[in-house]
Amino acid sequence: MSPRTSTRTGFWLVAATLGALVSASAAPSPIFPVYQAEWGLGPSAVTVVFAVYAAVLLVALLTVGSLSDHLGRRPVVLAAIAGVVASMLAFVLADSTGWLVAARALQGFSTGTAIGALGAWLLDLAGPRRGALAQVVNGAVPPLGLMAGGLGSGLLVEFAPAPTRTVYALLAVLLVLCAAALLAVPDAAARVPGALRSLTPVVRLPRASRASLVRFAPGFLASWGLGGFVLGLGPSVVAGVLGRTDHVTGGLVVAAVAGVGALVGVLTRAVRPDRLVAVGMLALVVGPLLVVLALEHSSTALFFTGAAVSGIGFGGGFQGALRGVLATAPAGERAGVLSAVYVMSYLAFGLPAVVAGFLAPSLGLREVADGYAALVVAVGLAGLVLTLAGSRRARGTGGLPAPRRPSPARRAAAAQVKRGR
């Protein structure tokens, strides 16, 4: 196998591994109603399990999120996969809420360790000539993984034996195979010193990427806020409000949003990031409003129409924003930039879902879903306004950033040079 072929094959193996890890993170969602039925768990307990994953994942992003920039991609990813496999085995053994919390915490930390390293590895393997492809894959694979994990888990829970164990056992085997395949993938990242110093909890965002992260922040916040609702409460809303108790329908909620989102990313790879974010924000206004109408009239068809439109927003908002930020990331700081992106995304993913889960027993699932939809719509509207304003400013300067005023020190130096002439 030639080095070029090895690099190309390795690129897709790394992408598949990222998809498998995200699939594993989505797999428990269709199983939550089973735990509720068999163990008598309420929405608050389910929310605790969900929240632990998001909280521990954020801890990992803030501490070890950029570790692969210092130690290399492969050792960090392999250690993280080992942690996720161990969490799958913990899910298999789980017989109480405590087991679920422990398994989800281990999964969250391990996934948070891996996602930045895997995304940076994709950029390394793509090289300058295929950088645009790496950005598309980085944006499309997580929604694809969510779709596969949600739908696959729902099908297995509905039709396979031992629904609370089979899913996790199969995922553990898949992840072991991914780890074995990664042993042959080139790890060509230039390692930089400072591994221990990098463990200090801080978001390391290079100066070159700061302005773009601020500009595209609504894309991350609105899209992943929607994702938190879908994964945290989507199956429960379908069962409790629409009366659809089959687990396949619960998995289809995740698949409708994530699958459409992934398709949007693939079909819009030539669209400018700001335009894609604008389309996404508009869809994140319309889609949740359709969901609210569907819940009001108990219409499953309208609910999934709203979910599909929301999926356009999920894909456009997240992937447009991700491409815009990654285009500014220096080669030696890619894992850190991706970690900063995911810190913002998972805060939006976890916090509103936690609040919603604790409010559901007292307010009701439909009322909480309405409030959650209103929050996503508000962020979507703000993002649409900011994106359109930014695009208008860019057109006013010919598509180039506005000239920056020289610093006082530079103005003084220039004046001194002028006086000396």
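What comes next concerns the included structure. (Residues numbered from 1 in each chain as written. Predicted model: local features only at pLDDT ≥ 70, side-chain atom pairs only at ≥ 80, totals over all residues. Heavy atoms only, no water.)

**Considering the overall build of the chain**
Line of reasoning, step 1. When you go through the chain residue by residue, the secondary structure sums to 15 helices and zero strands.
Line of reasoning, step 2. Here the chain, with 421 residues, has 55% of them falling under the buried criterion.
Line of reasoning, step 3. Look at the contacts in the chain between residues 6 or more apart in sequence, and 86% of them connect residues 24 or more apart.
Line of reasoning, step 4. Summing over all exposed atoms, the chain offers an accessible surface of approximately 17,300 Å²; the carbon and sulfur share of this is 69%. (Helix = DSSP H or I, 4+ residues; strand = E, 2+ residues; numbered from the N terminus. Buried < 20%, exposed > 50% of the residue type's maximum accessible area, 1.4 Å probe, protein only. Contact = heavy atoms within 4.5 Å. Areas by Shrake-Rupley, 256 points an atom, 1.4 Å probe, with all protein chains shown as cover.)

**Here's the deal with the packing of helix H5 (residues 73-93) against helix H8 (residues 166-182)**
Line of reasoning, step 1. Direction vectors running N to C along H5 and H8 enclose 165°, while the axes themselves pass 9 Å from each other. Between H5 and H8, the interaxial angle falls into the category roughly antiparallel. The element H5 and its partner H8 pack so that their crossing is left-handed. Touching Arg74, Val77, Leu78, Ile81, Val84, Val85, Met88, Phe91 and Val92 of H5 are Tyr168, Ala169, Leu171, Ala172, Leu175, Val176, Ala179 and Leu182, all from H8. (Axes fitted to C-alpha atoms, helices over the stretch in contact; angles between N-to-C directions. Parallel < 35°, antiparallel > 145°, perpendicular 65-115°, else oblique. Left-handed = near helix turned anticlockwise from the far one by under 90°.)

**Some thoughts on helix H10 (residues 247-267)**
Since the α-helix turns once every 3.6 residues, residues separated by three or four places project in the same direction.
Line of reasoning, step 1. Taking 1.5 Å of rise per residue, 21 residues should cover 30 Å, and H10 covers 30 Å from first to last C-alpha, within 8% of that figure.
Line of reasoning, step 2. The largest bend in H10 amounts to roughly 30° and is located at Ala255.
Line of reasoning, step 3. Buried residues dominate H10, accounting for 16 of its 21 residues. (Expected span 1.5 Å × (residues − 1). Bend = angle between axes of the 7 residues up to and from the residue.)

**Quick word on the packing of H5 against helix H6 (residues 97-126)**
Line of reasoning, step 1. Running from amino to carboxyl end, H5 crosses H6 at an angle of 155°, the nearest separation of the two axes being 8 Å. Classed by the angle they form, the pair H5 and H6 counts as roughly antiparallel. Between H5 and H6 lies a crossing of left-handed hand.
Line of reasoning, step 2. Along the lines of polarity and charge, the residues of the contact of H5 with H6 split into 18 nonpolar, six polar and four charged. (Nonpolar A, V, L, I, M, F, W, Y, C, P; charged D, E, K, R; others polar.)

**Notes on the pattern of salt bridges**
Line of reasoning, step 1. Throughout the structure, instances matching the rule amount to five salt bridges.
Line of reasoning, step 2. A salt bridge links Asp274 to Arg272; its shortest N-O distance comes to 2.7 Å.
Line of reasoning, step 3. For Arg272, a relative accessible area of 39% corresponds to the partly exposed category.
Line of reasoning, step 4. One salt bridge in this structure joins Glu296 and Arg366, with 3.7 Å as the shortest N-O distance. Separated by 70 residues along the polypeptide, Glu296 in helix H11 (residues 273-297) and Arg366 in helix H14 (residues 365-396) bring together distant segments of the chain.
Line of reasoning, step 5. Linked through salt bridges whose partners overlap, the residues forming this network are Asp69, Arg73 and Asp124. (Salt bridge = Lys/Arg side-chain N within 4 Å of Asp/Glu carboxyl O.)

**Here's the deal with the environment of Thr97**
Line of reasoning, step 1. Relative to the elements of secondary structure, Thr97 occurs in helix H6.
Line of reasoning, step 2. Thr97 sits in the partly exposed class, given a relative accessible area of 27%.
Line of reasoning, step 3. Once the C-alpha coordinates of Thr97 and Val48 are considered, the two residues, 49 residues apart in sequence, prove to be 9.2 Å apart.
Line of reasoning, step 4. In this view, Thr97 contacts Trp39, Leu41 and Val49; residues no more than four positions away in its chain are not counted.

**A word on H6**
Line of reasoning, step 1. End to end, H6 covers 42 Å across 30 residues, agreeing with the expected 44 Å (1.5 Å per residue, within 8%).
Line of reasoning, step 2. Within H6, 21 of the 30 residues are buried, which leaves it mostly tucked inside the rest of the structure.
Line of reasoning, step 3. Phi turns positive one or two residues past the end of H6, at Gly127, with a value near 75°.

**Structural notes on unusual backbone geometry**
Line of reasoning, step 1. Unlike most non-glycine residues, Ala162 shows phi in positive territory, near 50°.
Line of reasoning, step 2. Within the fold, Ala162 resides in the loop between helix H7 (131-159) and H8.
Line of reasoning, step 3. With a phi close to 50°, Ser298 is a non-glycine residue in the positive phi region.
Line of reasoning, step 4. Assignment of secondary structure puts Ser298 in the loop between H11 and helix H12 (300-326).
Line of reasoning, step 5. Look at Ser298 and you get partly exposed, because its relative accessible area is 47%.

**Regarding the environment of Gly10**
Line of reasoning, step 1. Note on placement: Gly10 falls in helix H1 (residues 3-26).
Line of reasoning, step 2. Judged by its relative accessible area of 1%, Gly10 is buried.
Line of reasoning, step 3. Gly10 sits 174 residues away from Ala184 along the chain, and the two C-alpha atoms are 7.6 Å apart.
Line of reasoning, step 4. Excluding anything up to four places from it in sequence, Gly10 contacts Leu125 and Val185.

**Some words on the packing of aromatic side chains**
Line of reasoning, step 1. Under the definition given, this model contains 10 aromatic pairs.
Line of reasoning, step 2. Among the aromatic residues, those joined into a cluster by ring pairs are Phe220, Trp224, Phe314, Phe318 and Phe349.
Line of reasoning, step 3. Geometry around Tyr53 places Arg104 over its ring, the cationic atom sitting 4.1 Å from the centre.
Line of reasoning, step 4. Here Arg130 stacks its cationic end above the ring of Phe11, 5.1 Å away from the centre of that ring. (Phe/Tyr/Trp six-rings, centres within 6.5 Å; stacked < 30°, edge-to-face > 60°. Lys NZ or Arg CZ within 6 Å of the ring centre and 35° of its normal.)

**Considering a nonpolar patch on the surface**
Line of reasoning, step 1. A cluster of nonpolar side chains, Leu263, Val266 and Leu267, forms an exposed patch at the surface whose accessible area comes to about 310 Å².
Line of reasoning, step 2. Among the structural elements, Val266 can be located in helix H10. (Patch = residues over 30% accessible without salt bridge, like charges linked within 9 Å, V, L, I, M, F, W, Y side chains within 5 Å.)

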